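Chains, contacts and geometry: an overview
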Amino acid sequence: MALARRCSLAFVACALAALPATLQAADPPLEITALEPMTGGAAFQGKAQAQTLLQFADYVNKHGGVRGRQLKFNIYDTQGNPQIAVQFMNDAVAKKAVAVIGPAFAAECAAIAAVVKNGPVDYCTSPGYHPDNGSYVYSAGFSTLDLIDVMMRDLRERGLKKVALITSTDTTGQDGERGIDAALAQPANKD
């Protein structure tokens with residue numbers, strides 16, 4: 001979770017640095033949409049990420065804002081539901097958002113990918129979503145596929161030949177299963 005927060009803040013900092021230098025202090029607040037699961041089973045994650053974004057905005061605003069403009073995050077509750085995430089992303093696109101942070105889960109990120117085909121930039125905070133090259137979607141942290149590959153290599157180097165893994169049946173679990181299958185298909189792991 002800490003890595004996702006650091007990556008979110010790094011993304012925001014990069015997005016803010018890319019703004020034109022011609023912004024004036026009298027300009028309205030710089031608003032960034034954030035899609036977070038504020039209620040439901042993943043509220044613990046969404047609330048932590050939202051709190052981090054709000055603290056970041058407070059810090060930036062106390063230090064002069066972004067080229068003189070105040071920073072404001074508009075946080076929308078996806079409830080961890082892909083359909084709700086799509087609704088909020090459609091709204092962000094209609095409002096011509098420059099960048100969106102979230103959603104937080106692979107299923108939500110997959111659902112909104114078609115909506116942001118031509119922008120805005122989206123920073124999915126799930127490492128379980130694997131954006132297409134050249135897309136406007138970025139994902140957090142290390143790819144789960146890379147993490148699984150490293151895990152399998154470590155188990156092999158420890159001499160383990162039989163491994164049992166339990167995954168969920170949702171999008172995240174399916175991503176994990178694909179990663180495990182891919183890692184085990186490598187010649188070094190065939191035994």
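Details of the structure are given in the entry above.
Residues numbered from 1 in each chain as written. Predicted model: local features only at pLDDT ≥ 70, side-chain atom pairs only at ≥ 80, totals over all residues. Heavy atoms only, no water.

Moving on: the pattern of salt bridges. On inspection of all chains with the given rule, the structure shows four salt bridges. Put simply, D91 and K95 hold a salt bridge, and the shortest N to O gap is 3.2 Å. Here D91 falls in the partly exposed class, since its relative accessible area comes to 29%. Across the salt bridge formed by D149 and R153, the nearest N and O atoms sit 3.1 Å from each other. Of this pair, D149 and R153 both sit in helix α5 (residues 144-157), separated by four residues, roughly a single helical turn. For D149, a relative accessible area of 17% gives the class buried. (Salt bridge = Lys/Arg side-chain N within 4 Å of Asp/Glu carboxyl O. Buried < 20%, exposed > 50% of the residue type's maximum accessible area, 1.4 Å probe, protein only. Helix = DSSP H or I, 4+ residues; strand = E, 2+ residues; numbered from the N terminus.)

Turning our attention to the environment of K96. Positionally, K96 belongs in the loop between α3 (82-94) and β3 (99-101). You can call K96 exposed: its relative accessible area is 70%. Sequence-wise, K96 and G119 are 23 residues apart; in three dimensions their C-alpha atoms are separated by 8.9 Å.

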